[in-house]
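# Understanding the architecture of this molecule
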Amino acid sequence: MNVNKFNNSEIPYQVLSTFGLTQNMIDDLPMDVISQILAGQRSPVLPVEVVGEDGEKVRSRARFSLVQANDGFVDVMFHPVFEPIGEKMCMVVHDPFTKKELLKVVDTYSMYSPEVVEELKTGKVVMDYMEANDGRKVKAFLQLDPETNEVLAVPTQVIGRNIQILTDEYNLTVAEINCIQKGELLMIMENDEPVTLGIDLNSATGIRFEKGGEKRWKERGIREWNKYSVGVFGCWMTEDGVHSYIQEEDYTDEIWDEIERQRNRTKGNQQSLKV
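Residues numbered from 1 in each chain as written. Predicted model: local features only at pLDDT ≥ 70, side-chain atom pairs only at ≥ 80, totals over all residues. Heavy atoms only, no water.

### Focus: the side chain of Arg-208
Relative to the elements of secondary structure, Arg-208 occurs in strand E11 (residues 207-211). Side chain to side chain, Arg-208 and Glu-210 meet in a polar contact 3.3 Å long. Excluding anything up to four places from it in sequence, Arg-208 contacts Thr-196, Leu-197, Gly-198, Asp-200, Ser-203, Trp-217, Arg-220 and Gly-221. (Helix = DSSP H or I, 4+ residues; strand = E, 2+ residues; numbered from the N terminus. Polar contact = N/O pair within 3.5 Å; in protein donor to acceptor, adjacent residues only side chain to side chain. Contact = heavy atoms within 4.5 Å.)

### Let's talk about unusual backbone geometry
Here the phi dihedral of Asn-191 falls at roughly 55°; this positive angle occurs in a residue that is not glycine. Along the chain, the position of Asn-191 falls in the loop between strand E9 (186-190) and strand E10 (193-199). At Asp-240, a residue that is not glycine, the phi angle is positive and equals roughly 55°. Locating Asp-240 in the fold gives a position in the loop between strand E13 (234-239) and strand E14 (242-247).

### Focus: the confidence of the model for the protein
Looking at the protein, the pLDDT average stands at 89 and 95% of residues meet or exceed 70. Summarising per-element confidence for the protein, the mean pLDDT is lowest in helix H9 (residues 253-274) (75) and highest in helix H2 (residues 23-27) (97). (pLDDT = per-residue confidence, 0-100.)

### Observations regarding the nonpolar core
In terms of nonpolar packing, the biggest core is built from 23 residues, with Leu-16, Leu-21, Ile-26, Leu-29, Phe-64, Leu-66 and Phe-78 touching the most fellow members. When residues of this core are traced back to their parent elements, those giving at least two are helix H1 (13-17), H2, helix H3 (31-38), strand E1 (46-51), strand E2 (57-68) and strand E3 (74-80). Filtering out sequence-adjacent residues up to four positions away, Leu-66 remains in contact with Phe-6, Ile-11, Pro-12, Ile-37, Leu-38, Val-74, Asp-75 and Val-76. Of all hydrophobic cores here, the second largest spans 20 residues; its members include Ile-180, Leu-186, Leu-197 and Ile-199. (Core = buried A, V, L, I, M, F, W, Y, C linked by side-chain atoms within 4.5 Å. Buried < 20%, exposed > 50% of the residue type's maximum accessible area, 1.4 Å probe, protein only.)

### Some points on the sheet that holds strand E5 (residues 101-107)
Spatial strand order, E5-E4-E8-E7-E6: 5 strands in an open sheet with mixed pairing. This sheet does not close on itself; its edge strands, each paired only once, are E5 and strand E6 (126-131). Across the sheet, the mean angle separating the axes of adjacent strands is 40° when strand polarity is ignored. Summarising the sheet, strand E4 (residues 88-94) and E5 pair through 7 bridges and their orientation is antiparallel. Paired with Met-89 across the bridge in E5 is Val-106. (Pairing = 2+ DSSP bridges. Axes fitted to C-alpha atoms, helices over the stretch in contact; angles between N-to-C directions.)

Shown next as structure tokens:
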């Protein structure tokens, strides 16, 4: 998938802060997460809050992604956690005509058959159609984000270009290409080592490679978080898959102990390298 590339100086911290995500919170995310955000990918599901007209804080959870605004500046698109697919579904549509991502809510069963909906719910990548901003129907790959309940939709022509690159590089057969296009995983050999590839609309190119078999591919699609991801100004705590931010002045003894353990591990690794 073609995505915009951004640098740290372009992150619209002021916009993010109006939704409760301060610069310290963003800068303290793990480096690989920041790299994904700068590559145009969506953030993890993070806590957000807005202040209503009555002064009351409304808290929720959402992903966000950086997008190029029409004026040339960088803006933020939020991806809140929606209700599971029912009569309505929320879609993130990569419009092939405007080259922009759109967030839209559609009538589920007027757009898709019950069979397609069930396949999406199981996590399968499905080839069907999406509706562009001007109402035109475009053939697309669809994939459910189980954390936000959004359905990601990317035109097949976008992913098709990347599949063609794979075909040229690995001399894929027609049967192997069809396997990928059906949303199934394909294992090939590279330098006598198994490599598994398949469509993943959460990845920067829309296709993800992993060394190893199908089990490894599926495991690597889910980022494993430590309970504490310590940054410069505070740390992100992850419990039962839910992320929350703790400022340094609110650290508990358990967090300080974890920081010490991490420092000791770093020292041990450095000494091992020297040896």
